[in-house]
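Residue-level listing of the chains:
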Amino acid sequence: MSLLKVERVHKSYNGLQVLKNVSLDVQAGERHVLIGPNGAGKTTLFHCMTGTLPIDEGVVTVNGRQISGLPPYTAVRVGMARTFQKNNLFDNLTVEENLHLAIAACKPYRFHFFKPFYKYTDLLEEAEQLLKQWDLWERRACVVNQLSYGEQRLLELLLALASKPRLLLLDEPTSGMSPAETAQTTRLMQSMPRSITLLVIEHDMDVVFSIADRITVLHHGEVFLSGAPEEIRGDERVKEIYFGGGAPLYAEA
Amino acid sequence: MKKETVALHVAFVAATMLLPLILTSYGLKLTSEVLIIAMFVMSLGLIIGFAGLVSLGHAAFFGIGAYTVALISEHVDNTWLLLIAAVVTAGIVAFLSGLMFIRSSGAYFLMITLAFGQMLYAIAYKMEGVTGGADGKAVSESFNLGFGAIESRLAFYYVAAAAFLACYYLLRVFLSSPLGKGVRGIKENESRMTALGYNTHLYKLTVYSLSGMMAGFAGALYAYFNQYISPDLLHWMFSGQALIMVIVGGVGTLLGPAIGAGFFVILQNYISSYTERWPIIMGLLFVCLVLYGRGGVIHLASLVWSHLQSKRRTGREKSVLPKEGSGFESLKG
């Protein structure tokens, strides 16, 4: 059963066509990885799927419900959550406060205004559980801008997980991480239950091949190839896109 | 809540209630005015410091509250009804204008609120038949909540003090609620709030409307207090003064703007009794405050407080570092 369906999506910025007729089908439970050189339109595709950017043409459906054309905050309501390529956190709040905001976003009482936050015990317990599970419990009272980069990256992921998504979009979860942190994040992605479907943008090929069920290659805003990891690994044209030939050499940072 | 915090709040309320014991009749009047202006400035501080919406037209809502009382009191004399009418009118205008304004931010929001405020000012100025034009209107109706007319300065002081305390504690509850936390989150990082599933426009609109209602309430009380209203209450100069009070008092705190209002009004009164050129002195003072007292008066006060605290503590524990979040800090909200 396909959970996320992207059909014939077009997107251009001021006449520059960034996405051309992109179609993507992500099955429930799948670990789908999106690769492609810089400027291929991967992050733009994420923005278009979550509604952060309006799309010019095409349809995006999650679990049969059309979400393209709806305001971005509705993405979470259909079970879709995302992380950002650059850490996008509440820098002046503590780890715990960050998480509280993320959890409260999906609670029916998010709009209540007469009871202090700390009296919603279910919220506090949920946050405690998540923080303990993810080894951030010790750091809960730290303000985000005092955390190490790796910890911030982890929190970025945690905020997305707080909404209990069925579909998680991860935009370069390991970018800027040390090898050890990358390995840890890879293990985290591998250990996520299959009830969460992953769509990941990733550049590190070791990470890509250790998590992917399916890989889609995006090139110049078009889907170049989509298939099982073995197919992609063996494909000469994909190597060419990444390391020369079709794309300029400096494309890969 | 910690025992120390509770004690501090009890002291805060008691001090407000006992203040008349040491005030002269003129002091009572001045303090009442400060409290009313403080409510207005607190409502502005709410949207500036907690939602990041810097408005230069907030006097519009204060003026709407005052004009509502002045105009309707010619036909209705029930104080409750008039207060409610003022709050509701200001709230509706804030909601409708917010629907349009909230989409902009930063300098654009500042300009559009300024234009809106000036538009209302022009209306009040030009519609002489209804508003009395530049002459304004006298408010002869006395303040009566059903316990007899409140006419003495002392009685009105208690009305203002009760209203101020009610507003302050309502805002405290609001800011600690899920909705209030959401508003703070939006100021911190709006794009992340959207990604988390918050309808940020709705949050901003709610807090803007709430702020407008509170400003309207303060304006209504002011109409009773001053017994006279004029288009100046809607003018951008008044909005600008309120903005200065917020900044001087301390942006991002609840009590800061109120302290800023007291600082401004009392200083203005004091200095203008000596010289006609009081704006020069006030201006220099504010320049110094902004240069050397980042965070405003409340920040300076809490620095002094924590310094005293650490002095008291050094005898026992030898800890020299001022400790954040204790004592005075908790009142800032």
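The rules behind the values
- Residues numbered from 1 in each chain as written.
- Chains lettered and ligands numbered in written order.
- Predicted model: local features only at pLDDT ≥ 70, side-chain atom pairs only at ≥ 80, totals over all residues.
- Heavy atoms only, no water.
- Helix = DSSP H or I, 4+ residues; strand = E, 2+ residues; numbered from the N terminus.
- Rg over C-alpha atoms; globule rule 2.2 N^0.38 Å.
- Buried < 20%, exposed > 50% of the residue type's maximum accessible area, 1.4 Å probe, protein only.
- Contact = heavy atoms within 4.5 Å.
- Areas by Shrake-Rupley, 256 points an atom, 1.4 Å probe, with all protein chains shown as cover.
- Lys, Arg positive; Asp, Glu negative; His and termini not counted.
- Charge placed at Lys NZ, Arg CZ, Asp CG, Glu CD.
- Pairing = 2+ DSSP bridges.
- Axes fitted to C-alpha atoms, helices over the stretch in contact; angles between N-to-C directions.
- Salt bridge = Lys/Arg side-chain N within 4 Å of Asp/Glu carboxyl O.
- Domains from an automatic or database assignment.
- Buried area = accessible area lost by both parts, 1.4 Å probe.
- Polar contact = N/O pair within 3.5 Å; in protein donor to acceptor, adjacent residues only side chain to side chain.

Caption draft 1: Inspection of the overall build of chain A at higher detail. When you go through chain A residue by residue, the secondary structure sums to eight helices and 10 strands. Over its C-alpha trace chain A gives a radius of gyration of 19 Å, about what one expects of a compact globule, namely 18 Å for 253 residues. Expressed along its principal axes, the backbone C-alpha trace of chain A runs to roughly 60 × 40 × 35 Å. The buried share of chain A, reckoned over its 253 residues, is 54%. Taking the intrachain contacts of chain A between residues at least 6 apart in sequence as the baseline, contacts between residues at least 24 apart amount to 65%. Total accessible area on chain A is roughly 11,600 Å²; 52% of this is exposed by carbon and sulfur atoms. Put simply, chain A has 26 plus and 30 minus side-chain charges, and the middle of one group is 6 Å from the middle of the other.

Caption draft 2: A look at the sheet that holds strand β3 (residues 31–35) of chain A. Residue and element names in this part refer to chain A. Judged by pairing direction, the sheet is mixed, and its six strands sit side by side in the order β6-β7-β8-β3-β9-β10 without closing on themselves. The open sheet terminates on both sides in strands that have one partner only, identified here as β6 (80–82) and β10 (222–227). Pairs of neighbouring strands in the sheet enclose a mean axial angle of 15°, with direction left out of account. Strand direction decides the pairing type here: β6 and strand β7 (residues 167–171), joined by three bridges, are parallel. In the sheet register, Met 80 faces β7, and the bridge partner there is Leu 167. Packed onto the sheet, helix α4 (residues 149–161) meets β6 and β7 and runs at close to 155° relative to β7.

Caption draft 3: The pattern of salt bridges, seen in detail. Residues and elements named next belong to chain A. The final tally for this structure, using the stated rule, is 13 salt bridges over all chains. A salt bridge links Asp 213 to Arg 194; the nearest nitrogen and oxygen atoms lie 2.8 Å apart. Of this pair, Asp 213 sits in the loop between α6 (205–211) and β9 (214–219) while Arg 194 sits in the loop between α5 (179–191) and β8 (197–201); the two residues are 19 residues apart in sequence, bridging distant segments of the chain. The structure contains a network of salt bridges with shared partners spanning Lys 107, Asp 122, Glu 126 and Lys 164.

Caption draft 4: Geometry of the domain arrangement of chain A. All names here are of chain A. Entries for chain A in the domain assignment read domain 1 (1–79 + 165–253) and domain 2 (89–164). The C-alpha-based centres of domain 1 and domain 2 are spaced at 26 Å. Between domain 1 and domain 2, the residue contacts involve 16 residues of the former and 13 residues of the latter. Summed over both sides, the interface of domain 1 with domain 2 buries roughly 1,100 Å², with 65% coming from carbon and sulfur. When residues of domain 1 are sorted by the area they lose upon contact with domain 2, Arg 77, Pro 165 and Leu 188 head the list and together hold 36% of the total. Linking domain 1 to domain 2 there are zero salt bridges. Linking domain 1 with domain 2 are four residue pairs in polar contact (both at pLDDT 80 or more). Among the secondary structure elements, those contributing two or more residues to the side of domain 1 that touches domain 2 are β7 and α5.

Caption draft 5: Region of interest: the interface of chain A and chain B. Chain A puts 29 residues into the contact, and the matching count from chain B is 24 residues. Roughly 2,300 Å² of surface becomes buried between chain A and chain B when both sides are summed, with 64% attributable to carbon and sulfur atoms. Between chain A and chain B we count one salt bridge in total. At the junction of chain A and chain B, the tally comes to 13 residue pairs in polar contact (both at pLDDT 80 or more). Sorting the residues of the side of chain A that touches chain B by element identifies α2 (95–104) and α4 of chain A as the ones contributing at least two each.

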